[in-house]
Structures are given as structure tokens and as C-alpha cells.
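Each chain, letter by letter, is given below.
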Amino acid sequence: MPKLKTNRGAAKRFRRTAKGFKHKRSNKSHILTKMAPKRKRRLRGFKPLSAADLAAVKRMVPKKGR
């Protein structure tokens, strides 16, 4: 059986944790001057992956993440 290939785009976007995966929140890359400071604070950090997306990400990142 051949080796499993990791989807490199997904490997850069998701990080494996003990309970699943986490990802960076969207809307925090540019044009932040018009965004309220409270909203920018809430978008900080990483968020757990939803259960609906978990199976797809597990297929794309079969080995341990970074």
C-alpha cells in the first residue's frame, strides 16, 4: 500500500491538538483600520475545528500536524 500524502495547503492551515485540530480565525489579515478593536481582539488566537469539517481535515492531514 502506498504512503499517504499530506495536503500541504491544509497542513499549513490546521494544527493538530490532543483533542482534534485548531485553526486561525478569518478576517484578520488586512484592512484592519476600519474594524473595531473589540472585534480584532475576539479574532485573536486559534479556534477548535468544527465537527462537520473534522473528517475532511483528518483525510488531508493524516500524520501529526506541526
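All of the points below concern the structure found in this document.

Definitions and limits used
- Residues numbered from 1 in each chain as written.
- Predicted model: local features only at pLDDT ≥ 70, side-chain atom pairs only at ≥ 80, totals over all residues.
- Heavy atoms only, no water.
- Buried < 20%, exposed > 50% of the residue type's maximum accessible area, 1.4 Å probe, protein only.
- Helix = DSSP H or I, 4+ residues; strand = E, 2+ residues; numbered from the N terminus.
- Pairing = 2+ DSSP bridges.
- Core = buried A, V, L, I, M, F, W, Y, C linked by side-chain atoms within 4.5 Å.
- Contact = heavy atoms within 4.5 Å.
- Axes fitted to C-alpha atoms, helices over the stretch in contact; angles between N-to-C directions.
- Patch = residues over 30% accessible without salt bridge, like charges linked within 9 Å, V, L, I, M, F, W, Y side chains within 5 Å.
- Areas by Shrake-Rupley, 256 points an atom, 1.4 Å probe, with all protein chains shown as cover.
- Salt bridge = Lys/Arg side-chain N within 4 Å of Asp/Glu carboxyl O.
- Lys, Arg positive; Asp, Glu negative; His and termini not counted.
- Charge placed at Lys NZ, Arg CZ, Asp CG, Glu CD.
- Phe/Tyr/Trp six-rings, centres within 6.5 Å; stacked < 30°, edge-to-face > 60°.
- Lys NZ or Arg CZ within 6 Å of the ring centre and 35° of its normal.

1. What to know about the pairing of strand β2 (residues 21-24)
- On β2, burial follows the alternation: F21 and H23 on one face are buried, whereas K22 and K24 on the facing-out side are not.
- Note: strand β1 (residues 14-16) against β2, three bridges, orientation antiparallel. Bridge pairing links F14 to H23 in β2.
- Counting the residues between successive antiparallel strands, the hairpin from β1 to β2 contains four residues, one of them, G20, with a positive phi of roughly 160°.

2. Concerning the nonpolar core
- Formed by A10, F14, F21, L49, V57 and V61, the largest nonpolar core amounts to six residues.
- Discounting residues that sit within four places of it in the chain, A10 has contacts with M60 and V61.

3. Side note on the sheet that holds strand β3 (residues 46-48)
- With respect to topology, three strands assemble into an open sheet ordered β1-β2-β3, the strand pairing being antiparallel. Bordering the open sheet on either side are β1 and β3, each of which pairs with just one other strand. The mean inter-strand angle of the sheet, taken between neighbouring strand axes irrespective of direction, is 35°.

4. Some points on the environment of P2
- Tracing the sequence through the fold places P2 in the segment before α1 (8-13).
- Given a relative accessible area of 69%, P2 falls into the exposed group.
- Separated by 16 residues in the primary sequence, P2 and A18 place their C-alpha atoms 27 Å from one another.

5. Comments concerning a positive patch on the surface
- Residues K3, K5, R8, K12, R13 and K63 make up a contiguous surface patch of positive charge.
- Within the secondary structure, K5 is located in the segment before α1.

6. Re the packing of aromatic side chains
- Under the definition given, this model contains zero aromatic pairs.
- Sitting over the face of the ring of F46, K22 holds its NZ or CZ atom 5.3 Å from the ring centroid.

Any functional reading would require information that these geometric values do not contain.
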